[in-house]
Amino acid sequence: AGTQESEKPQSHCFHSLNQEPLFSNLDLFLFSLIVGLVVYWFMSRKKPEPIPEFKKLDTPAPTTRETSFIEKMKKTSKNIIVFYGSQTGTGEEFANRMSKDAQRYGMKGMAADPEEYEMGELSRLSEIKNSLAIFCMATYGEGDPTDNAQDFYDWLQENDDEDLSGLNYTVFALGNKTYEHYNAMGKYVDKRLEELGAKRIFDLGLGDDDGNLEEDFISWREQFWPAVCEHFGVEALGDDSSIRQYELKEHTDINMNKVYTGEIGRLKSFEVQKPPFDSKNPFLATVTVNRRLNKAGDRHLMHLEVDISGSKIRYESGDHIAIFPTNDSALVNKLGQILGVDLDAVISLNNLDEESNKKHPFPCPTSYRTALTHYLDITNSPRTNVLYELAQYASDPKDQENMRKMASSSPEGKALYQSWVLGASRNILAVLEDMPSLKPPVDHLCELLPRLQARYYSIASSSKVHPNSIHICAVVVEYKTGTGRTNKGVATNWLKNKLVTDNSHKSTVPMYIRKSQFRLPFKATNPVIMIGPGTGIAPFMGFIQERAWLKEQGKEVGETVMFFGCRYKNEDYLYQEELEEAEKTQVLTQLNVAFSRDQEQKVYVQHLLKKNKEHIWKLIHSDNAHIYVCGDAKNMAHDVQTALYEIGEELGGMTRTQAIDYVKKTDDKGRYSQDVWS
C-alpha cells in the first residue's frame, strides 16, 4: 500500500489540471481497500479463547467424510477392506461382491474408494486382528490407473521408505488382453506392495475382458476364500443365503422437489448448473448438429456437435468427451410390466450399514422409472452374482437350480452361463421373459443391477478452431441376438435420436471432459502419421483442424500423413469432402484410403502402410515423426504394429526382436500413441 500512497499526489495534480473530480474511481477503490484491510486485521486477530466452565453438549458430528479407513474399520469391527480402482464400474462391483463374501465366511468387509481415504494408513492395518486388504484394480487406456486410483498410484511410486510389513494383501486385476499393457495397474500394485514389505496371501488374479472377465473372477474367488480361511485359521462355512445391503423405504407424501430425476450428483444440478463440470457434475451441452455421415449402407454413422458456451470447459484435440446416456423407455416400460410394478412410485434404498460412505446404490429418493432409465444398466448381460441372488425368487425349482448353477464355478455351470447368458446376449429383461417363474421384487433387482456408466468418445474437433463446440463421430450399435431379439447400444441410439430441435425445444446431453495423453507433438515441425480406420478417424479430424490452424498462423508445419480405411468408397468414406479439401490445401501432405471391400481381396490400412514403407520409414527413423493409432484394439492396432515391425526388418535391417524393441522405444519416448477400444 505504501508505494501507492506516495504516487497519489501526482495523480491528483493531473486530475485538477483536467478539471476532473477530485477523487477518481481508482482512488476511492484503493481507499476502500485499505480501510477494509485495516478493519479486517483488527477483527481477525486471535482473541484468547475463554475456557468453558462446563462440558460441551454432544453436538452432532460435522458431516465431514471420515478419511481414516482404520478408524472406520475399528468403529464397525471390520477386518477386511476391499479397495477398488474402477473407471467403468466393474472394479467397484467386484469389490462390493468381495466385501459381501466376507460376511458369508463369518468375517466383516467393506468396499472402499482409495480416493476417499488416506492410503498412507495401510501400514496400520496390522492394528486390526486378522486384517486383510484386497485390491480390485482396473487398468485404463494405455496401462494407466483409473481416475480414482491415480493418487494411490502416485503414492505407491513416491514412497520408497514406506514399511508395509504388517499388511496382508491380495490383488485381482481387471484388464483386456487386446491392449498392449495388459493389466498393468493390477500387476504394478501387486509387485509394489510386496516390494514395500507387505505379505501377499493369495496369488494375483488376472481378469481378461476380451475373454470372460466374470469367469476369471469367479474362478479366482473360488480358490481365494478357502485360502484366506486357512490363513486365518477360521472354518470355511460359506453361508449361501442372500444378503441384502440396502433396505427399501417407500415415500408416499414427499415433496417432489426433493426427488432425483436423473441428476448424477447434486439434486437439481441440471436446472441450476454450476461449474466446475466433471464426472460428479456434468454439463448439459446443447446439440447443434446431428447428421448422418455415410451415404449408403445399413449402418448409421453420425457426426454430432455439442455447444459448451458459458461452461468454462476447456479441451484439447485428442481428449475424450464422456456422455451420460439414458436407457430406452420401451425397455423400461417392459421391465415395469413384467415385474408388475408402479414405475412412478418414489423410493429410497438405504444402506443397512449406517457407517458406509455409500448411503444409496444410486441417487435417492427417486422413482423406479428414473432409476431404471438414468441410473441402472439394464442392457448388459447380468453378471453371475445377480442370477445367484435372484434365484430364490423363481417358483420353478428347475429355474432356481439353473440360476444357481450358472453362478457356480462348476464346468457345466460356466458353460451354461457362457451360452445361455453371454452367447445369447440376454439382458435382464430377456432373462425375466425366458424364465416366467422368476418374479423378483423390483427393489432387490435395483439393488443388484450395476450403475449405468458414462460412455467415452474421442473428440473430433480442435479447440483452437472450435473453442465452444465439441464434435463427436460414432457408429450406431444395433444387432440381432441368438434369441432373435434386437439389441441396441444404449448411448449411440440415444445420441442418434438427439435431434437439434425436438418439438421446438433444444436437445441436451450431460457431459464432461476426460483429459488424455493423445496429443499432437509440441513442435509443429515434427511430422505426424495418423492411422485411423472407421470412427477411429475422430481424433484426427481434430488434429487436421489444428494443423491447418497452425499453418494459417504462419507456423512451419511438418508433414501430415493420414491412413484412413472404410468398407466402400461410395458408402462409408467418412469426412470425404473435408479430407480431400485438406489434401488440396496441403494440410494433409498425403492421404491414403483403404476401401476394404471395393475389390476381390480385402485392403486394410496396414497394407497401405507397407505400400508406403520407404516414406514411412524415413519419417519415423530420420525425421522424428509421431505415430498415432486410433480405433479397434483387437485386430487393427495389432496388425498396424506388425506392419511397422516388418518395415523395421526390411528397411532398418533389424531382426524381429530388434524391430519390436525399436517400436517400443518410440512408444516410451511418447512418439507412438494409441487411442484404441475393444
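Residues numbered from 1 in each chain as written. Predicted model: local features only at pLDDT ≥ 70, side-chain atom pairs only at ≥ 80, totals over all residues. Heavy atoms only, no water.

(A) Looking closely at the sheet that holds strand E21 (residues 528-531). Spatially, five strands are ordered E23-E22-E21-E24-E25 in an open sheet, and the strand pairing comes out parallel. At either margin of the open sheet sits one strand with a lone partner, and together these are strand E23 (590-595) and strand E25 (672-677). Within this sheet the neighbouring strands show an average axis-to-axis angle of 10°, counted without direction. Pairing geometry for E21 and strand E24 (residues 626-632), over four bridges, is parallel. Counterpart to Ile531 in the pairing with E24 is Val629. Against the sheet, helix H20 (residues 633-652) makes contact with E21, E24 and E25, and its axis sits at roughly 150° relative to E24, the strand it touches most. (Pairing = 2+ DSSP bridges. Helix = DSSP H or I, 4+ residues; strand = E, 2+ residues; numbered from the N terminus. Axes fitted to C-alpha atoms, helices over the stretch in contact; angles between N-to-C directions. Contact = heavy atoms within 4.5 Å.)

(B) Fine view of the pattern of salt bridges. As enumerated under the stated definition, the model contains 44 salt bridges in all. For the salt bridge of Arg426 with Asp434, the shortest nitrogen-to-oxygen distance reads 2.8 Å. The structure contains a network of salt bridges with shared partners spanning Lys610, Lys613, Glu646, Glu649, Glu650 and Arg656. (Salt bridge = Lys/Arg side-chain N within 4 Å of Asp/Glu carboxyl O.)

(C) View of the UniProt feature "domain: FAD-binding FR-type" (unreviewed entry) in the protein. Under the local residue numbering, the UniProt record ascribes the feature "domain: FAD-binding FR-type" (unreviewed entry) to residues 280-521. This span, residues 280-521, is 29% helix and 24% strand, and a straight line between its end C-alpha atoms measures 31 Å. (UniProt positions renumbered as here; feature names shortened; annotations may be inferred.)

(D) Fine view of the nonpolar core. With 37 residues, the main nonpolar core has Phe362, Leu372, Ile378, Leu390, Ile428, Leu438 and Cys446 as its most contacted residues. In this structure Phe362 touches Leu349, Ala371, Tyr375, Leu376, Cys446 and Arg451, once residues within four positions along its chain are discounted. (Core = buried A, V, L, I, M, F, W, Y, C linked by side-chain atoms within 4.5 Å. Buried < 20%, exposed > 50% of the residue type's maximum accessible area, 1.4 Å probe, protein only.)

(E) Local environment of the packing of aromatic side chains. Under the counting rule described, the total for this entry stands at 27 aromatic pairs. Arranged with centres 6.1 Å apart and planes meeting at 15°, the rings of Phe362 and Tyr375 form a pair that is stacked. With a gap of 13 residues between them, Phe362 in the loop between strand E12 (346-351) and strand E13 (366-367) and Tyr375 in helix H9 (residues 368-375) connect regions that are remote in the sequence. An identical accessibility class is assigned to Phe362 and Tyr375; each is buried. On the basis of an interplanar angle of 25° and a centroid distance of 5.9 Å, the ring pair of Phe564 and Tyr573 is categorised as stacked. (Phe/Tyr/Trp six-rings, centres within 6.5 Å; stacked < 30°, edge-to-face > 60°.)

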